[in-house]
Amino acid sequence: MKQLNKKFFSVNELAKVLGISRIAVFKKIKNGQIPANKVGRAYVIEASQVNNLVGKNLGQRGRRTIEQAVHKVVQEYGETLKLLGRE
């Protein structure tokens, strides 16, 4: 994800990355679930925190979906992947 190369994220950007609403992000900031710094009237979230949040937010369902997708790719393109690995 190209966006994760940033140093700081706004609430809107974090909401898009996590796939949740801005209001949900604000609630998580207020509850202390997302560490954020207030800059003027806005909040900014450090990129290192975003990387941690993305992994936590994935959940069991997301992990299962990714595992299924990887399994399908390996089944369909296993030989090609092996050949690419040799290069």
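Residues numbered from 1 in each chain as written. Predicted model: local features only at pLDDT ≥ 70, side-chain atom pairs only at ≥ 80, totals over all residues. Heavy atoms only, no water.

## Describing the overall build of the chain
Filter applied, for reference: Secondary structure follows DSSP: runs of H or I at least 4 residues long count as helices, runs of E at least 2 residues long count as strands, and numbering of each begins at the N terminus. Here's how the labels work: a residue is buried when its accessible area is under 20% of the maximum for its type, exposed when over 50%, partly exposed in between, all with a 1.4 Å probe on protein chains only. Contacts between residues were defined by any pair of non-hydrogen atoms, one from each residue, lying within 4.5 Å. A 1.4 Å probe and the Shrake-Rupley method give the accessible areas. Residues count as covered only by the protein chains that appear here.
Helices and strands together make up the secondary structure of the chain, namely 4 helices and 3 strands. Put simply, the chain runs from its N terminus to its C terminus through helices and strands in the order β-α-α-β-β-α-α. Looking at the chain as a whole, 18% of its 87 residues qualify as buried. At a minimum sequence separation of 6, the contacts of the chain that also span at least 24 residues come to 40%. Taken as a whole, the chain presents about 6,900 Å² of accessible surface, with 52% of it coming from carbon and sulfur.

## Here we look at the pairing of strand S3 (residues 42-46)
The cut-off we apply is this: The rule for pairing is simple: two strands pair if DSSP sees at least two bridges between them.
Side chains Tyr43 and Ile45 of S3 all project onto a buried face; the interleaved residues Ala42, Val44 and Glu46 project onto a face where none is buried. Alignment of strand S1 (residues 8-10) against S3, held across 3 bridges, turns out to be antiparallel. Following the sheet pairing, Phe9 is matched in S3 by Ile45. Pairing between strand S2 (residues 37-39) and S3: 3 bridges, direction antiparallel. Bridge pairing links Asn37 to Val44 in S3. Between S2 and S3, which pair antiparallel one after the other, the connecting turn spans 2 residues, and Gly40 there sits at a positive phi close to 65°.

## A closer look at the sheet that holds S1
The line we're drawing: Structural elements are reduced to axes, namely lines fitted to C-alpha atoms, with helices fitted over the stretch in contact, and the angle between N-to-C directions of any two is expressed from 0 to 180 degrees.
Strand order in this open sheet of 3 strands is S1-S3-S2, and the pairing throughout is antiparallel. In the strand order of this sheet, the two ends are held by S1 and S2, each with one partner. Looking at each pair of strands side by side, their axes are set apart by 40° on average, direction ignored. The strands that helix H1 (residues 11-18) touches are S1 and S3; relative to S1, the one it contacts most, it runs at about 90°.

## Observations concerning the confidence of the model for the chain
Regions with low pLDDT carry predicted coordinates that are not meant to be interpreted in detail. What counts here: pLDDT runs from 0 to 100 and stands for how confident the predictor is about each residue.
Taken over all residues, the pLDDT of the chain has a mean of 81, while the share at 70 or more is 85%. Summarising per-element confidence for the chain, the mean pLDDT is lowest in helix H3 (residues 47-57) (74) and highest in helix H2 (residues 22-30) (93).

## As for a nonpolar patch on the surface
Keep this limit in mind: Patch definition: residues above 30% relative accessible area lacking any salt bridge, with like charges linked at up to 9 Å and the nonpolar side chains Val, Leu, Ile, Met, Phe, Trp and Tyr linked at up to 5 Å. Salt-bridge detection follows one rule: a side-chain nitrogen of Lys or Arg within 4 Å of a carboxyl oxygen of Asp or Glu.
A cluster of nonpolar side chains, namely Ile66, Val70, Val73, Val74, Tyr77, Leu81 and Leu84, defines an oily patch on the protein surface of about 620 Å² accessible area. Structurally, Ile66 can be placed in helix H4 (residues 59-86). Residue classification places Ile66 among the partly exposed positions, given a relative accessible area of 45%.

## Looking at the nonpolar core
Keep this limit in mind: What is meant by a nonpolar core is a set of buried Ala, Val, Leu, Ile, Met, Phe, Trp, Tyr and Cys residues, joined one to another through side-chain atoms within 4.5 Å.
Counting 14 residues, the largest nonpolar core has Val11, Leu14, Val25, Ile29, Ile34, Ile45 and Val50 as the members making the most contacts within it. At the level of elements, H1, H2, S3 and H3 are the ones that each hand at least two residues to this core. Once you skip the residues sitting within four places of it in the chain, Ile45 turns out to touch Lys7, Phe8, Phe9, Ser10, Val11, Leu14, Ile29, Ile34, Pro35, Ala36 and Val50.

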